Structures are given as C-alpha cells and as structure tokens.
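Residue strings, one per chain:
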Amino acid sequence: MTESGRGKTFFQQGGVAGFTHRAFTKSMGFDDEDMQKPVIGICNTFSEVNNCHRNFRELCEAVKRGVWQAGGFPLEFPTISLGEIYLNPTSMLYRNLAAMDTEEMIRGQPLDGVVLLVNCDKSIAAAMMGAASADLPAILLSGGPMLNGRYRDQILGACTDCRRLTAENQAGTLDDATYHEIEDGIVRSAGHCMVMGTASTMNSICEAMGIALPGNGAIPAVDARRLRLAESAGRRIVTLAKEGVRPSQIMTRDAFHNAISLLCAAGGSTNAFIHLAAVAGRLGIDLPLSLFDEISRKTPLIASLRPAGKYQMEDLYYAGGIPAILKELLPLLRGDAMTVTGKTLAENVQSALIQDNKIIHSLDNPIAPEGGLSVLWGNLAPDGAVIKHAAASANLLQHRGRAVVFQNMDDLSARINDPDLDVEENDVLVLQNVGPIGAPGMPEVGNFPIPGKLLGRGVRDMVRISDARMSGTAFGTIVLHVAPESAIGGPLALVRDGDEIELDVSRRSIILHVDEVELAKRRAGWQPPAPQFERGYGRMYIEHVMQAPQGCDFDFLRGSSPVTATEQPKF
Ligand code: FES
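Residues numbered from 1 in each chain as written. Predicted model: local features only at pLDDT ≥ 70, side-chain atom pairs only at ≥ 80, totals over all residues. Heavy atoms only, no water.

> Got a minute to help me understand the state of the cysteines in this structure?
Counted by the stated rule, this structure contains 1 disulfide. Bridging cysteine 159 to cysteine 162, the disulfide has an S-S length of 2.0 Å. An S-S torsion of about -85 degrees defines the bridge between cysteine 159 and cysteine 162 as left-handed. Residue class for cysteine 162 comes out partly exposed when judged on its relative accessible area of 23%. (Disulfide = S-S within 2.5 Å. Buried < 20%, exposed > 50% of the residue type's maximum accessible area, 1.4 Å probe, protein only.)

> Where do I start with the nonpolar core in this structure?
It is characteristic of soluble globular proteins that their nonpolar side chains tend to be buried jointly. If you look at the biggest cluster of nonpolar residues, it comprises 116 residues, and the most contacted ones within it are Phe256 and Leu276. Setting aside residues no more than four positions away along its own chain, phenylalanine 256 makes contact with Met209, Met251, Leu276, Val279, Ala280, Leu283, Ile285 and Leu287. Counting 26 residues, the second largest nonpolar core, distinct from the first, contains Val430, Val482, Leu492 and Leu519. (Core = buried A, V, L, I, M, F, W, Y, C linked by side-chain atoms within 4.5 Å. Contact = heavy atoms within 4.5 Å.)

> How do you make sense of a nonpolar patch on the surface when you look at a structure like this?
A surface patch of nonpolar side chains, about 320 Å² in accessible area, is lined by Val49, Ile85 and Tyr86. Examined against the element boundaries, valine 49 turns out to sit in the loop between strand E1 (39-44) and helix H3 (56-69). (Patch = residues over 30% accessible without salt bridge, like charges linked within 9 Å, V, L, I, M, F, W, Y side chains within 5 Å. Areas by Shrake-Rupley, 256 points an atom, 1.4 Å probe, with all protein chains shown as cover. Salt bridge = Lys/Arg side-chain N within 4 Å of Asp/Glu carboxyl O. Helix = DSSP H or I, 4+ residues; strand = E, 2+ residues; numbered from the N terminus.)

> Hey, could you run me through the packing of aromatic side chains in this one?
For any pair of aromatic rings, the description rests on two quantities: the centre-to-centre distance and the angle between the ring planes. Under the definition given, this model contains 13 aromatic pairs. For the pair tyrosine 317 and tyrosine 318, a centre-to-centre distance of 6.0 Å together with 55 degrees between the ring planes defines the contact as tilted. Through a chain of ring-to-ring contacts, the aromatic side chains of Phe10, Phe11, Phe30, Trp68 and Phe73 assemble into a single cluster. (Phe/Tyr/Trp six-rings, centres within 6.5 Å; stacked < 30°, edge-to-face > 60°.)

> Hey, could you run me through the side chain of lysine 64 in this one?
Relative to the helices and strands, lysine 64 is located in helix H3. With residues near it in sequence (within four places) discarded, lysine 64 still touches Ile42, Pro74 and Glu76.

This is the structure in structure tokens:
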C-alpha cells in the first residue's frame, strides 16, 4: 500500500499543465514546498441552512492544523449540506445527490486523502457512500452532539421532546407560554440532535466501523476535546494517505457486523438499516434485513439512551462514550477489524471504562436481552418491514386491530383531526404512498400523529404502519419501511378500511387478514399514483431509486470505481 501520488503528479507534471497547476495554486499563497506534500481534501459541509454544522469552520481549521503538523497539504472544499430541519420535501430525497457530489469531488480533484466533515443525519450516510465508491483514503469526522436541552430544572432532548411536548400542547395539557419557553432552551448549542437519533446513531456507527476515530460518536460539539479530535484526524489522514489505506479495507463485512451490533446495543435509529445497506451496496457487501434481525436477537440492549432509554449523548460521553459500549460488547464483536487509527477495534477500546452503569449496562445485566430493533415479515411486507420495539409501547407489540387507511399525506392531513373520523384506540393506522418512490424520498412521517379526537381522550400511541421512515428521535409502535412500497403495488397498497391487521413482534410477523382471492381482485384494480416529478433530479430519483432493503440508493450507483494515481484533472 502506497500513497496514490495524485497530488504530486498534478503539481509536478511537465509542460503547461504542471505550470498552470502550480501557478494557480501559488495565487492562494502556497509555495513549491507545500505542493510536494500529500494533498488532503477537507470536505466541509458547512452551511447556514444547517444548524447542526454550525461549528464546522472552527473544526475545519483544527483539521488543517493536524494536516500541516503531519506534513500534508490541506485544501478545504464544499459539498452539498443536508440540514434535516430545512429541506423540503425531505432531506432523504437529496442523500444520493450529496453522495454523488462527494464521490465525484473526491474523484475529480487531485487529492491523496480526505477528511469528511459531517453531522446532520443524511450528510453522514452520503459521505460514507461517496467515500466508499471513490475509495480514496478517508476519515469521517462528525461535528458532535448538542449539549442536553434544558427547561428550568428539566433535561430535554431534540427532537424527542419536540414531538412529545407538541402533542401535550395540542391536547391542552401544556400551556402556550411554557411551550414557548421550552422552545428557547431545547436546542441550546452547536451540534446534532442529542438523543440517540439518526445523527447520533450514524456518527457512533462510524466509530464502530473504524472509519472515524474513537470519540467521534459522543464528544459534545462544544467540548474542546472535539477540536483536538479534529486535529488528530488531520494528522492521521496524512499517514493513511501515505500508506494508501482505503475505505474498502476498513468498511469490511466485519465492520458492518460491528456497526449493526452497536446499533442494536444502543437502541439506535431505524434509519441505519437503510444507510448501512446503501453503503454496503457500494462495497459489494450483501447486508440482508435478516442479518440485522439475527444480530439484534443476539445483542443485548445495554445503553439507556433516548428515545428508547433515559439518557442523552452528553450523559453517554461522561459515562465512557462509544468506546465503553464497544468494550463491553467485545465478546459479540469482530474485534480484529482494522480501523483508521492503524489499530484494531479491540485495541482502540482497550482502556475504555464504563463510568456510570445506569447509562451503560454490562452484558451480564442488560436493559433487555435483545437489541431494540426487529425485522418483520408477512403477507403485508413480503420483502420486510422494521420496528424499533425498544421505543414502542409494550402492550402493543402483539396487537390485532381494524385498519384505518390514509391514502397519502394529503389525505392524512385532511382527515386525521376530523372529529367524525371513524377510529378507535385499538385500530391500526395505515399510511400509503410515502415510500421511496411514492412520496418520493421516503420521508420521516412513519410516526404520523394520533387522530385528534383520540389525543383528547389521552391516547398517546397506536400501531401505525407505512412505507415511510421515522426520525431516530421518535417513539411509538411504528412499523416502517414496508417493502415493496405501495406506490409500486406492494400489498400495503391493497389495504382497505376495516381490514384486520395483526402485529406480533415476538414472532416477527405482520399479517393482513384478507384472503388471497380478495387481494388478487384488489390487485387487478390497482392503479399506480401519478409521478410527482416530470423533470430534473426528482425525475431521476423516481426512475432509479431502489427499495428500502437495498438502502434506497440509485441502481446505477451501486458498486465502486476506486480513484487511481493516473486519474488526474486534464488541462
Ligand atoms: Fe441535524 Fe437533528 S437536525 S441531527
């Protein structure tokens, strides 16, 4: 393994090409000595339309210091930033676009290695996907989680409490003045959402997979140790670039095993099913839903993190962070997996200690004997569906009820709070046409609201089923990612009001109790919804996005095309 030499070739070429490359680079104040060094790209997804990336300017400077210290030549560049709160119709629609941007900018520029600055949900997955396909030495560095939110003496979590408290406000049990006061303190620092939502899950997973340095998952965004981690990443990427250690040598099958194990032990986000499948698809690794379920059954839930548990990322950091969870999990992990530190995962976590066993339990005394996530199969989801049972109501995990069907988001909005809606608390709410193609972009609407008339009666959870995703910060008895989705004629499209649906998480089943003759009749009369995009990126998305078990990647992006030393910008 050796340095790719892309930077050297670029700057030391003869003729007008080399002359131009050096002359234009000198215009930025760099000199010949700088251009002898390995070129390290710092992919900075900073944006003012992405609150989670607020600390990236400072973090990027720390990475640069590290690169200079280790004898590299850092060059910062931007890629698309995906701010969860700001993107319409859903950030997931743009994840693949960001992954293409990342891959092509790594490929197109004369880089020998890259540090990918990520933080908000989809930016992490996009960077992993792009880095996997470009396969140039890479380290992911997250911006870190927010500090705990606060309201007077209460600890709050974004955005688990955003939903809970909004439901209370709508039900009239939380007054408007208090609701607004809470708004001022729930998101009070730089960083990503501080519960074990999707960003916390994916940033922690990067640590378990060895593509990020130890500490990446939980060091708070505003803690000076995050800046020191950034500096270390800058130093370390220079060595990886010199040694030619590529993401495909780090993100191996064993690394995915370790990622899924951490996901289950920490009660992480269901979105990780989709993102990990997409990254694995880039690397030619098969990651069937059955593997997630198999690992979940063998992996105890040992971290008490909201929304499945009681604590948040700041608490987890003081309790030992992700290294302490991984050390406790070692008997279940592939500890020999190599990481970007140059050491194995087991070596990385050797000195980690659990500082608070209310937050990180031991394997001997787990919170639950199995992981917090399950995969369901049945005639309603022939290709699988997912539930985060750790964040569900225990009394609903075995449930049979009458379907109340909403055909799409507009139908849901129009009728969910209708006082005349025919719905009771034991019914099963079904939302159709919110999958990868149907929505499109598979938005996080799987935890759609409880009907207003039941909310007023104190109902806070019901079985809800859809082909959508749900925010990792959400809770409830929510069946997600139903595949194949309804917009391509999956069985979910055939459900009608009054059908009986049975959920049994212990048996991993989701059954529509309608006989096959009746279903065949409905199937024959089914019409696909009209496509929502006629042109542009949206049209490309609809035409090429794959289903949830394949990670919702584009069919033409599966696999990789590793960059080579000879791959150079042409002048
Ligand atoms: Fe970025 Fe929650 S808004 S992680």
